[in-house]
Amino acid sequence: MDAHWAPTAGKLTVSVVIPLYNEQENLPELDRRLRATLEPLNVAYEIVYINDGSRDQTLSILQGLAQDGRHLVVNLSRNFGHQAAVSAGIDHARGETVVVMDGDLQDPPELIPAMLEQWRAGNDVVYAVRRNRKESAWKRIAYFAFYRLLNHLSHVPIPEDFGDFSLMARRVIDTIKASPERNRFVRGLRA
C-alpha cells in the first residue's frame, strides 16, 4: 500500500473515506459533488480515496485530484475487497468525524451536512439509509438474509439494511482502529 499525501493545514473536522474499484466514470462527478457540498460548510476537511486495485484509469484520476492538498490517495497493491479498503481509509483518516461512503454515486454527498448536524447534536454514529437500491433482486435478497442471520448469531444488534454510508465520531474510529481484528467487518464494529 502506498499513500500520496498532501497535508491540510489546521484541525480537520471531516474526513470522507471512499473506497474505489474501477470508478473512472463516476469519479469526476463524485469529487465535484463532494467539494460543492463540503466547501460551503466552513469546516476543515479531507477526502480519503482508497484505490482498491482498480484496473481502469481510477488511480491516474486520483493522482490528479491529490494535487490540491485536500485529497489523500491510498493505493492498495491489488483488490483486497470493499471492507479492507474501508478499513484502510479509516486507518488514514484524521478528522474529528469520518464519513464512509461508496464511490458509485448511490450515496449522495449532499447528505453530509445533515449527518454533521446529528453529530453536533451528540450522536457518535449517524447512519444513512438508501430508500432505493440499484442492486439486483438477488443481491437485495442476499443482503436481507445476511443481516438477519448475522443479528441472530450476534450478541450486539447490527442495524439491518444499512450500508456503509455513515458518519462516525473520532472516538468510534479510534475504538475500531484499536480492535484486534485483522479482517475488519466495519459495519459490525461500527454497531
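Here, every reference points to the structure presented above.
Report follows, based on the coordinates. In this text the structure is predicted, and so the values were computed from the model without any measurement.

**Things to note about the side chain of T58**
Phase 1 of the analysis: Relative to the helices and strands, T58 resides in helix α2 (residues 58-65).
Phase 2 of the analysis: Looking at T58, its side chain comes within polar contact range of the main-chain nitrogen of E23, at 2.9 Å.
Phase 3 of the analysis: One polar contact links the side chain of T58 to the main-chain amide nitrogen of Q24, over a distance of 3.2 Å.
Phase 4 of the analysis: Residues in contact with T58, not counting those within four places in the same chain, are L20, N22, E23, Q24, L27 and N51.

**Quick look at the pairing of strand β3 (residues 45-52)**
Phase 1 of the analysis: Among the eight residues that make up β3, eight are buried, leaving the element largely enclosed by the rest of the structure.
Phase 2 of the analysis: What you see with β3 is no split at all: Y45, I47, Y49 and N51 on one side and E46, V48, I50 and D52 on the other are buried throughout.
Phase 3 of the analysis: When strand β2 (residues 14-20) meets β3, the two strands line up parallel, connected through seven bridges. Counted as the bridge partner of V14 is Y45 from β3.

**As for the pattern of salt bridges**
If charged atoms from side chains of opposite charge come close, those side chains can pair.
Phase 1 of the analysis: A complete count under the given rule lists seven salt bridges for this structure.
Phase 2 of the analysis: We note a salt bridge from R170 to D174, for which the minimum N-O separation is 3.0 Å. One end of the pair is R170 and the other is D174, both in helix α6 (residues 170-178) and four residues apart, which spans about a single turn.

**Description of the nonpolar core**
Phase 1 of the analysis: Among the nonpolar cores identified, the biggest contains 27 residues, and V16, I18, L30, L34, Y49, M101 and I112 are the most heavily contacted of them.
Phase 2 of the analysis: At the level of secondary structure, the elements contributing two or more residues to this core comprise β2, α1 (27-38), β3, α2, α4 (112-120) and β7 (166-169).
Phase 3 of the analysis: Apart from the residues within four sequence positions on either side, I18 is in contact with L30, L34, I47, V48, Y49, I50, M101, D102 and G103.
Phase 4 of the analysis: V17, I50, A85 and V98 belong to the second-largest nonpolar core, a separate cluster that totals 17 residues.

**Remarks on unusual backbone geometry**
Phase 1 of the analysis: Despite not being glycine, N22 has its phi angle at roughly 55°, a positive value.
Phase 2 of the analysis: Relative to the helices and strands, N22 resides in the loop between β2 and α1.
Phase 3 of the analysis: A relative accessible area of 31% means that N22 is categorised as partly exposed.
Phase 4 of the analysis: In this structure, L105 is a non-glycine residue whose phi angle is positive, near 70°.
Phase 5 of the analysis: Position of L105 among the secondary structure elements: in the loop between β5 (97-100) and α4.

Procedures and definitions
- Residues numbered from 1 in each chain as written.
- Predicted model: local features only at pLDDT ≥ 70, side-chain atom pairs only at ≥ 80, totals over all residues.
- Heavy atoms only, no water.
- Helix = DSSP H or I, 4+ residues; strand = E, 2+ residues; numbered from the N terminus.
- Polar contact = N/O pair within 3.5 Å; in protein donor to acceptor, adjacent residues only side chain to side chain.
- Contact = heavy atoms within 4.5 Å.
- Buried < 20%, exposed > 50% of the residue type's maximum accessible area, 1.4 Å probe, protein only.
- Pairing = 2+ DSSP bridges.
- Salt bridge = Lys/Arg side-chain N within 4 Å of Asp/Glu carboxyl O.
- Core = buried A, V, L, I, M, F, W, Y, C linked by side-chain atoms within 4.5 Å.

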